[in-house]
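A structural walkthrough
What follows is the residue order along each chain.
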Amino acid sequence: MTGRRDGRPLVPAYLSTGGVARPSRSHLERLSVLTGTRTPAPAGLPAAQLALLDALDEGSLTVVEAAALLRLPVSAIRVLAADLIDRDLVLARAPIPPAGRFDPDLLKRVADGLRALKHI
Amino acid sequence: MAFAPSSTSSAPRTPTGDVHLPDTARDLVKILVAGPFGVGKTTLIDSVSEIRPLHTEEPLSEASAQVDDLAGVRDKSTTTVAVDFGRISLPGGVVLYLFGTPGQERFRALWDDIAYGALGALVLVDSRRIDASFDVLGLVEESGLPYAVAFNAFPDAPRHHTREQLRAALDLEAGTPMVTCDARDADSSVDALLALVQHLIDRNAPEDAR
Ligand SMILES: Nc1nc2c(ncn2[C@@H]2O[C@H](COP(=O)(O)OP(=O)(O)OP(=O)(O)O)[C@@H](O)[C@H]2O)c(=O)[nH]1
Ligand SMILES: [Mg+2]
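Residues numbered from 1 in each chain as written. Chains lettered and ligands numbered in written order. Predicted model: local features only at pLDDT ≥ 70, side-chain atom pairs only at ≥ 80, totals over all residues. Heavy atoms only, no water.

Per an unreviewed UniProt entry, chain B goes by the name ATP-binding protein and belongs to Streptomyces cyaneochromogenes. As its UniProt record puts it under Sequence similarities (unreviewed entry), chain B is described as follows: "Belongs to the GPN-loop GTPase family." (UniProt positions renumbered as here; feature names shortened; annotations may be inferred.)

Under the annotation held in an unreviewed UniProt entry, chain A carries the name DUF742 domain-containing protein and is attributed to Streptomyces cyaneochromogenes.

Below, the structure written as structure tokens:
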């Protein structure tokens, strides 16, 4: 990853969306999972989009993790990711199935998982 | 950190530098760690997180706006608040995210965005200043999130309160779990999270199964 570690944003926030208008895909949640499709990026892709693609090179990230790594607001990542999704460069999936948070099996797996942590 | 964990405490987990999701990640869920300034939110998240502590800078004026409205992002003078988060990969493909959520009324729009889809909230309370938690309890209750209360064990916390007095002071419902925890201690923090998750399981269970 080519991200700077010196505390400065990779891309100035005011340039970060490169004039992109609105996401045309479904709402991206903080925990939506972004995965690069490994399609070569077209020439002339704005720097911020490239930075996000670059960050996804090594694996999937949630929207909020991408925001933290690129030092951009979550809202900016939503816009950048939506554009990349439209270009088929990125895939997004929801964190859990709809209504999944009331699924007793899911809650049980969370509880069991937390209990297991205590015995490490 | 200002306090070293005592010898009887479990050490904080050693976080990894790589933030990318493990291939096993299937279901991603979140719990809010909410409370007033300085109550121990960041400390609790850091003590259990497997990734180094991360945060996002959230422009306050923009938090409720449409995603295509980047006015708040362009305006350098916009006030921002740092929202920290951590992650725990659990066996079984579940990845649990913890979001440190500031509890002031003026953060409401941000709060709503972070709370979207959350399983519930762990509300941290400093028993030396219970009233500092009223705002956050109001926000949690209005958002309809189920929650548990964890009293963070500061050394000079008053010890003369009974559980009933604390419950009454916070005006908690009888079923709301109330635990004490030391946010610096990983196991203690996990126990507080477990109290919340057990509450989520119990309240979902059909009446006759309780
Ligand atoms: N004794 C004791 N000290 C604690 C505990 N939790 C946090 N502290 C200390 O309290 C101070 C504040 O903790 P933070 O985790 O920064 O609190 P916060 O809620 O993130 O604060 P803000 O981000 O400013 O809202 C730190 O010096 C912690 O070391 C605890 O359980 N016991
Ligand atoms: Mg903090």
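Having put the structure on the table, let's press on.
With that settled, consider the overall build of chain A. On a plain count of helices and strands, chain A comes out with four helices and three strands. Its helices and strands in sequence order give chain A the pattern β-α-β-α-α-β-α, from N to C terminus. In chain A, buried positions account for 49% of the 120 residues. Contacts in chain A between residues far apart in sequence, at least 24 positions, make up 76% of those at least 6 positions apart. (Helix = DSSP H or I, 4+ residues; strand = E, 2+ residues; numbered from the N terminus. Buried < 20%, exposed > 50% of the residue type's maximum accessible area, 1.4 Å probe, protein only. Contact = heavy atoms within 4.5 Å.)

Residue and element names in this part refer to chain B. In the vicinity of ligand 1, 17 residues are found, and the nearest of them are Gly38, Lys41, Thr42, Thr43 and Asn152. Contact distances for ligand 1 include 2.8 Å between an oxygen atom and a backbone N or O atom of Gly38. With respect to ligand 1, the backbone of Ala153 contributes an N or O atom lying 3.2 Å from a nitrogen atom. Burial of ligand 1 by the surrounding chains reaches 77%, relative to a free accessible area of 650 Å². Per element, the largest residue contribution to the shell around ligand 1 is three residues, and it comes from helix H1 (residues 41-48). Among the residues forming the shell around ligand 1, the class breakdown is nine nonpolar, five polar and three charged. (Near = heavy atom within 4 Å. Polar contact = N/O pair within 3.5 Å; in protein donor to acceptor, adjacent residues only side chain to side chain. Areas by Shrake-Rupley, 256 points an atom, 1.4 Å probe, with all protein chains shown as cover. Nonpolar A, V, L, I, M, F, W, Y, C, P; charged D, E, K, R; others polar.)

Once that is clear, we can look at the pairing of strand E7 (residues 178-181) of chain B. Residue and element names in this part refer to chain B. In this structure, strand E6 (residues 147-152) lies alongside E7, joined through four bridges in parallel fashion. Opposite Ala150, over in E7, you have Val179 as the bridge partner. Running through helix H5 (residues 163-170), the crossover from E6 to the neighbouring parallel element E7 is right-handed. (Pairing = 2+ DSSP bridges. Right-handed = clockwise from strand over helix to strand, strands pointing away.)

Here the focus is helix H3 (residues 108-115) of chain B. All of the buried residues in H3 of chain B are Leu110, Trp111, Asp113, Ile114 and Ala115 of chain B. Looking at the buried side of H3 of chain B, the elements it contacts are helix H3 (74-86) of chain A together with strand E1 (27-35), strand E2 (54-59), strand E3 (80-90), strand E4 (94-102) and helix H4 (134-143) of chain B. In the stretch just after H3 of chain B, Gly117 of chain B is the one whose phi turns positive, near 80°.

Time to look at the packing of helix H2 (residues 63-70) of chain A against H3 of chain A. All names here are of chain A. One way to put it is that H2 packs onto H3 with a least axis distance of 9 Å and a crossing angle of 110°. The orientation of H2 with respect to H3, classified from their angle, is roughly perpendicular. For the pair H2 and H3, contact is made by Val63, Val64, Ala66, Ala67 and Leu70 and by Val74, Ile77 and Arg78, respectively. (Axes fitted to C-alpha atoms, helices over the stretch in contact; angles between N-to-C directions. Parallel < 35°, antiparallel > 145°, perpendicular 65-115°, else oblique.)

What follows is about the nonpolar core. Within the largest apolar cluster, 66 residues are counted, with the highest numbers of intra-cluster contacts made by Ile77 of chain A together with Val149 of chain B. Excluding residues within four positions of it along the chain, Val149 of chain B makes contact with Val123, Val125, Leu137, Leu170, Leu172, Pro177, Met178 and Val179 of chain B. Ile96 of chain A together with Ile45, Ile88 and Leu193 of chain B belong to the second largest nonpolar core, which has 33 residues in total. (Core = buried A, V, L, I, M, F, W, Y, C linked by side-chain atoms within 4.5 Å.)

Before going further, it helps to spend a moment on the interface of chain A and chain B. Tallying the contact residues gives 46 residues for chain A and 52 residues for chain B. Taken together, both faces of the contact between chain A and chain B bury some 4,400 Å²; the carbon and sulfur share is 66%. When residues of chain A are sorted by the area they lose upon contact with chain B, Arg30, Leu114 and Lys118 of chain A head the list and together hold 15% of the total. Scanning the region where chain A abuts chain B turns up six salt bridges. Between Arg78 of chain A and Asp113 of chain B there is a salt bridge, with the nearest N and O atoms lying 3.4 Å from each other. At the junction of chain A and chain B, the tally comes to 14 residue pairs in polar contact (both at pLDDT 80 or more). Elements that contribute at least two residues to the side of chain A that touches chain B include exactly strand E2 (61-62), H2, H3 and helix H4 (104-117) of chain A. Of all the elements, H4 of chain A adds the most residues to the side of chain A that touches chain B, at 11 residues. Here the residues of the side of chain A that touches chain B sort into 27 nonpolar, six polar and 13 charged. (Buried area = accessible area lost by both parts, 1.4 Å probe. Salt bridge = Lys/Arg side-chain N within 4 Å of Asp/Glu carboxyl O.)

So, on to the pattern of salt bridges. Summed over all chains, the structure comprises 16 salt bridges over all chains. The shortest N-O distance in the salt bridge between Arg87 of chain A and Asp83 of chain A comes to 3.1 Å. Among the residues examined, Asp83 of chain A registers a relative accessible area of 15% and is labelled buried. One connected set of salt bridges, linked through shared partners, spans Arg30 and Arg78 of chain A together with Glu58 and Asp113 of chain B.

Another point: H2 of chain A. Residue and element names in this part refer to chain A. Counting buried residues along H2, eight of its eight residues qualify, which places the element largely inside the surrounding structure. Within the sequence span of H2, burial applies to Val63, Val64, Glu65, Ala66, Ala67, Ala68, Leu69 and Leu70. Arg71 sits one or two residues past H2 and shows a positive phi near 55°.

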